[in-house]
2 protein chains.
Amino acid sequence: MKMKSVTSRDVAQLAGVSQSAVSRSFSPNASVSAKTRKRVLEAARQLGYRPNTIARSLITRSSKTIAVVIYSLENPFYSSVLERASKFFQARGYHLQLFVAPLGKAFDEVIDDILRSQVEGVLMLAISITRAQAGEIAAVGVPVVIINRTVDYEGISQVSCDNYQGGYWAGQLLAASGHQRIAFLGGLIGSSTNEQRQAGFLSALAERGMTCHGVDVGNYRYEDARFATRRMFSARQIPDAIFAANDLMAIAAMETLRHELGLKVPQDVSIVGFDDIPMAAWPSHSLTTLQQPIELMIVKATELLLNQINQTESRPDHIKLPVTPMLRNSARSASG
Amino acid sequence: MKMKSVTSRDVAQLAGVSQSAVSRSFSPNASVSAKTRKRVLEAARQLGYRPNTIARSLITRSSKTIAVVIYSLENPFYSSVLERASKFFQARGYHLQLFVAPLGKAFDEVIDDILRSQVEGVLMLAISITRAQAGEIAAVGVPVVIINRTVDYEGISQVSCDNYQGGYWAGQLLAASGHQRIAFLGGLIGSSTNEQRQAGFLSALAERGMTCHGVDVGNYRYEDARFATRRMFSARQIPDAIFAANDLMAIAAMETLRHELGLKVPQDVSIVGFDDIPMAAWPSHSLTTLQQPIELMIVKATELLLNQINQTESRPDHIKLPVTPMLRNSARSASG
DNA sequence: TTGAAAGCGCTAACAA
DNA sequence: TTGTTAGCGCTTTCAA
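Values in this document were obtained by computation on a predicted structure and should not be read as measured data.

For DNA strand C, the set of nearby residues contains 28 residues, the closest of which are Ser-8 and Ser-23 of chain A together with Arg-24, Thr-36 and Arg-61 of chain B. Each atom of DNA strand C within 4 Å of the protein was assigned to sugar, phosphate or base; sugar and phosphate come to 60%. In this structure, Gln-19 of chain A approaches DNA strand C through a side-chain N or O atom, which is 3.3 Å from a base oxygen. At a separation of 3.5 Å, a base nitrogen of DNA strand C approaches a polar side-chain atom of Arg-24 of chain A.

Here it is in C-alpha cells:
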C-alpha cells in the first residue's frame, strides 16, 4: 500500500522556503523564525505532511526504539511488566518493538533480527541467554537489561528481586508452622529464578534440619503444574505443603488439590507461591506469596537502559530488589 | 551508544567487490555468482556486518512493521491475542510495534506517532476510534484492522465475534432456566462490544416477556466490577442472575458474592461471562461463558491486514465470527 | 554477473 | 535566521 507520500520538499515548495527550513520547523529547538515555522506548519497541514521517522533515524543514527523480548504472556506477571514498561518508554518518546522469543536455536535468529533493526536498547523479560548470545549483542554495543534472569556475563545489566530471600522466607514459613513434608513445585529447569528460589527454600529447611519432601516441575505454567501436582500426590506419602516457584503454578496446585483430589487448602496442604499476580489476591485463591516489586523493577530496568543509551553513567549493573511477603490464607501458620 | 557500525562499503572493500555486490549478496534472489556471495558473506562474518534495516526501509519504502495498539493488558484475553498476533507476524517477517493507547486526546498523538513511523499496517485491539481518527489514518493509506470494536467507517477492516448472538444466548440460557431477576454487568460504556452484547441479551429476555432487573457498569475491569456488584446487591431486590460483559467482571462478581456477600453461585445467583479466558476454566470459577474464537480472529485479522498491504484483494472487510457457549457450573440450568 | 551512479527523505555542517 | 550542500546505508536502475 504505497502512497505518493508527501515529503519535506513538497512542503518547502508550497511554503516557498528551502527544504531544510521545513526540517528545522519540525525540530523542537532549531533556529527558525516564528514566521517561517508558521508558514511551514500551515503548508504541512495542508498537504498532510508528517516527517518520515525512518529517514530521520538513518541520519541521526537513533531509532528511538527499544526491543522487548518476552517468552510468553501466559503468566499475568509479565503482561503487567510489559504494559508498564510500554507506558514508561512511550512517555519518554521511545517505541517498543515486541519479540516473542521462540524456543531453541530460532532464538539466535531473533537476536540477529533485533540487531539488524537498529534498536537502541533491549529489554529482556525472563529470557535466559547464553554467554555466546550475550557476547554477540554486546559486540554490537547495544545496551541490554534482563529482568528476572541472571546471566553470567558482565556488560549486561540485570534487574531481579531477591529470589533466594523469597525462597528462604517460604521455606521458613512452612517449616516454622509445623509442616512435615514440604515439597517444591519448580519452574523452568535451569532458569536462574527457579534455582535461586529453590536454593533459598532448601536452605531454610536445612536450618531446621529438614529436607525437601519432593520436587516436581511445572515449567512456570498452569497446565504443567497441574500434571506435576497429580504426580506428587499419587505417591504413598503425600506432601502437607508446597512451595511453588510462581503463583500460576501455586494456583494450579491449589485447584488440583481442592477440586480434583478432594484435599483442603490450607488444612490438608499449605501452598505458597511467588510473584503476587492479581489472581493471587482473588478471594477464592487467597494465595500466600512473595510479591515482586514490579513497578520498581521497571523503573530500575528502564533507567539502566536509558542511562546506558545516553551514556550517562553507562556501566552495566546488577540490581537486586527486596520481595514482600503477602500473608494470605493458603498456608496455615500454626499447626500440630 | 553509537558504535562505528560496519557498513556494506566496509564489507565490499574487504571482499574486493563493489558495494552493490554486497547488497545483492544479502538479497535472497538477486543475481550474484555463488563465488561472489561466498566471498562477501565471509567478509561480512569477519567484520560482524549486519544489513541496516533502516536504510533498507528508506529505499524500499517498506518497514515490515505492524503497529499493534492495545488499551490494556489487564484482561488476559488481550494478552493472549497479542501473543498470538505477535507470533503470527514474526513468522511472516514482520516486526511488531506495541502502543499502549492512553485515554483522551493523547490518543491522537499516538496516532500521529504511528503514522510517522511508517508502519505498513495497524492492528487495533479493542480500541474505539472516532470517524475523524479513522479518516486521518485512511488518508495516509495505511491498512487498519480493528479487533473487537466496530467503527462507523468503511475503509477500516473489522474482525469481531458475534457479540449480539453471544448476549442473546446468555439471556436465553438464564431466562429459560427460571431466573426471575436477571441483571447486566456492563463493560466500557459506549464500546460496541458492550452495546451488542447487551442488545442481544435484552432481546432474549424480551422474547420471554422479561426485562432486565438492573444494570451496572464494571468497565471490563476486575475492581470496578467488584464495586458494581456491591452496588447491585445492596438493593432491596437482589438479582438471581448476572450476565457480565466479560469474564474478568464475571469472576469479580462471583468472588464478591461468594466471599464477601455470603451468596452461593450458582444456587443463589447464576453468572454468565464472555470471552473464555483461561481463568474461566479454573475449577474454582468454572464459569459458564461464551468463547471467542481467538485463534480464528487473529488469523482473519492478520490475513486481512497482510492482503491489504500486499494489494492482493485489498478491500477492507467486516468479519463476524461465531461464539461458542461453554457450559460450566456458574449458572444453574433448571430451577424453581 | 558486475560496477557505477542515482537517489530514498531526512539532518547537519557550512556559508551567506 | 536562512539556503546550499553533503551525506546517513542501503537498493536499484543502467551499462558494461
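Turning to the domain arrangement of chain A, a few remarks are in order. Residues and elements named next belong to chain A. Parsing chain A into structural domains produces domain 1 (8-51), domain 2 (65-162 + 293-324) and domain 3 (163-291). Its C-alpha centre places domain 2 at a distance of 28 Å from the equivalent point of domain 3. Contacts between domain 2 and domain 3 engage 14 residues on the former and 23 residues on the latter. Buried area between domain 2 and domain 3, both sides added, is near 1500 Å², and the carbon and sulfur share of it is 50%. The largest contributions to the domain 2 side of the interface with domain 3 come from Glu-74, Arg-149 and Asp-162, which together make up 33% of the buried area. At the junction of domain 2 and domain 3, the tally comes to 1 salt bridge. Residues Arg-221 and Glu-74 are paired through a salt bridge, measuring 2.8 Å at the closest nitrogen-oxygen approach. Inspection of the region where domain 2 meets domain 3 yields 11 residue pairs in polar contact (both at pLDDT 80 or more). Elements represented by at least two residues in the side of domain 2 that touches domain 3 include exactly helix H5 (76-91) and strand S5 (157-161). Along the lines of polarity and charge, the residues of the side of domain 2 that touches domain 3 split into 5 nonpolar, 6 polar and 3 charged.

Contact residues are listed per partner, giving 59 residues for chain A and 57 residues for chain B. Across the chain A to chain B interface the summed buried area is about 5100 Å²; carbon plus sulfur atoms make up 58%. Seen at the junction of chain A and chain B, the total is 4 salt bridges. In this structure, Arg-50 of chain A and Asp-112 of chain B form a salt bridge, with 2.4 Å as the shortest nitrogen-oxygen distance.

Here we come to the packing of H5 of chain A against helix H12 (residues 294-309) of chain A. All names here are of chain A. The contact between H5 and H12 brings their axes to 10 Å, and the two run at 45°. When the interaxial angle is binned, H5 and H12 end up oblique. Taken as a pair, H5 and H12 cross one another with a handedness that is right-handed. Of the residues in H12, those touching H5 at Phe-77, Ser-80, Val-81, Arg-84, Ala-85, Phe-88 and Phe-89 are Ile-294, Glu-295, Ile-298, Val-299, Thr-302, Leu-305 and Leu-306.

Turning our eyes to something else, we now look at the sheet that holds strand S6 (residues 182-186) of chain B. Residues and elements named next belong to chain B. The 4 strands are arranged S7-S6-S8-S9 in an open sheet whose pairing can be described as parallel. Since the sheet does not close on itself, it has two edges, and those belong to strand S7 (214-217) and strand S9 (270-272), each with one partner. Ignoring which end each strand starts from, the neighbouring axes of this sheet average 20° apart. Pairing between strand S8 (residues 241-244) and S9: 3 bridges, direction parallel. Following the sheet pairing, Ala-241 is matched in S9 by Ser-270. The strands touched by helix H10 (residues 222-232) are S6 and S7; relative to S7, the strand with the most contacts, the crossing angle is about 150°.

Take the nonpolar core next. Core analysis: the largest hydrophobic core is formed by 154 residues, its most contacted members being Leu-82, Leu-123 and Ile-271 of chain A together with Leu-82, Leu-123 and Ile-271 of chain B. Those residues in contact with Leu-123 of chain B that sit more than four places away from it in its chain are Ile-66, Ala-67, Val-68, Val-69, Ala-85, Phe-89, Val-145, Ile-147, Ala-301 and Leu-305 of chain B. Ile-114, Val-119, Ile-127 and Ile-137 of chain A belong to the second largest nonpolar core, which has 22 residues in total.

A separate point is the protein's contact with DNA strand D. Around DNA strand D, a shell composed of 27 residues is seen, among which Ser-20, Thr-36, Ile-59 and Arg-61 of chain A together with Ser-23 of chain B lie nearest. Within the side chain of Ser-20 of chain A, one N or O atom sits 3.2 Å away from a base oxygen of DNA strand D. The separation between a base oxygen of DNA strand D and a polar side-chain atom of Gln-19 of chain B is 3.2 Å. Secondary-structure elements contributing two or more residues to the surface near DNA strand D are helix H2 (19-25) and helix H4 (53-60) of chain A together with helix H2 (19-25) and helix H4 (53-60) of chain B.

Further remarks concern the relation of the copies chain A and chain B. Expressed as a screw transformation, the operator carrying chain A onto chain B has a rotation angle of 180° and an axial translation of 0.0 Å, and the superposed copies differ by an RMSD of 0.1 Å. Put plainly, the chains are arranged around a two-fold axis. Across chain A, the rotation axis passes nearest the C-alpha of Gln-97 of chain A, at a separation of 2.3 Å. By residue overlap, the copies meet face to face through one surface: 97% of the interface positions of chain A are interface positions in chain B.

With a side-chain oxygen lying 2.7 Å from the backbone nitrogen of Ile-54 of chain A, the N-terminal cap of H4 of chain A falls on Asn-52 of chain A. Two residues or fewer past H4 of chain A, Arg-61 of chain A is found with a positive phi of approximately 55°.

With that out of the way, let us pick up the side chain of Ser-330 of chain B. Residue and element names in this part refer to chain B. For Ser-330, the location among the structural elements is in the segment after strand S12 (324-326). Here Ser-330 falls in the buried class, since its relative accessible area comes to 0%. Within the local environment of Ser-330, its side chain forms a polar contact with the backbone oxygen of Ile-271, the two atoms lying 2.6 Å apart. A polar atom in the side chain of Ser-330 sits 2.8 Å from the backbone nitrogen of Thr-288.

Turning our attention to the sheet that holds strand S6 (residues 182-186) of chain A. All names here are of chain A. A sheet is described by the order of its strands in space; here 4 strands give the open sequence S7-S6-S8-S9, paired in parallel fashion. The open sheet has two edge strands with one neighbour each: strand S7 (214-217) and strand S9 (270-272). Neighbour-to-neighbour, the strand axes of this sheet turn through a mean angle of 20°, independent of strand direction. Strand contacts of helix H10 (residues 222-232): S6 and S7, with the helix running at about 150° to S7, the strand carrying the most contacts. Strands S6, strand S8 (241-244) and S9 of the sheet are contacted by helix H11 (residues 247-259), whose axis makes an angle of about 160° with S9.

Further remarks concern the pattern of salt bridges. The full count for this structure, using the stated rule, is 26 salt bridges over all chains. Salt-bridge contacts for Arg-84 of chain A lead to Glu-295 of chain A; the nearest nitrogen and oxygen are separated by 2.5 Å. Separated by 211 residues along the polypeptide, Arg-84 of chain A in helix H5 and Glu-295 of chain A in helix H12 bring together distant segments of the chain. Residue class for Arg-84 of chain A comes out partly exposed when judged on its relative accessible area of 31%. Note that Asp-152 of chain B is salt-bridged to Arg-131 of chain B, the shortest N-O span being 3.7 Å. One end of the pair, Asp-152 of chain B, is in the loop between strand S4 (144-147) and strand S5 (157-161); the other, Arg-131 of chain B, is in helix H7 (residues 131-140), and 21 residues separate them in sequence. Its relative accessible area of 56% is what places Asp-152 of chain B among the exposed residues. The exposure class of Arg-131 of chain B is partly exposed, given its relative accessible area of 48%. In this structure, a network of salt bridges that share partners links the residues Arg-50 of chain A together with Asp-112, Asp-113, Arg-116 and Glu-136 of chain B.

Rules and cut-offs
Residues numbered from 1 in each chain as written. Chains lettered and ligands numbered in written order. Predicted model: local features only at pLDDT ≥ 70, side-chain atom pairs only at ≥ 80, totals over all residues. Heavy atoms only, no water. Near = heavy atom within 4 Å. Polar contact = N/O pair within 3.5 Å; in protein donor to acceptor, adjacent residues only side chain to side chain. Domains from an automatic or database assignment. Contact = heavy atoms within 4.5 Å. Buried area = accessible area lost by both parts, 1.4 Å probe. Salt bridge = Lys/Arg side-chain N within 4 Å of Asp/Glu carboxyl O. Helix = DSSP H or I, 4+ residues; strand = E, 2+ residues; numbered from the N terminus. Nonpolar A, V, L, I, M, F, W, Y, C, P; charged D, E, K, R; others polar. Axes fitted to C-alpha atoms, helices over the stretch in contact; angles between N-to-C directions. Parallel < 35°, antiparallel > 145°, perpendicular 65-115°, else oblique. Left-handed = near helix turned anticlockwise from the far one by under 90°. Pairing = 2+ DSSP bridges. Core = buried A, V, L, I, M, F, W, Y, C linked by side-chain atoms within 4.5 Å. Buried < 20%, exposed > 50% of the residue type's maximum accessible area, 1.4 Å probe, protein only. Least-squares fit on C-alpha atoms with pLDDT ≥ 70 in both.

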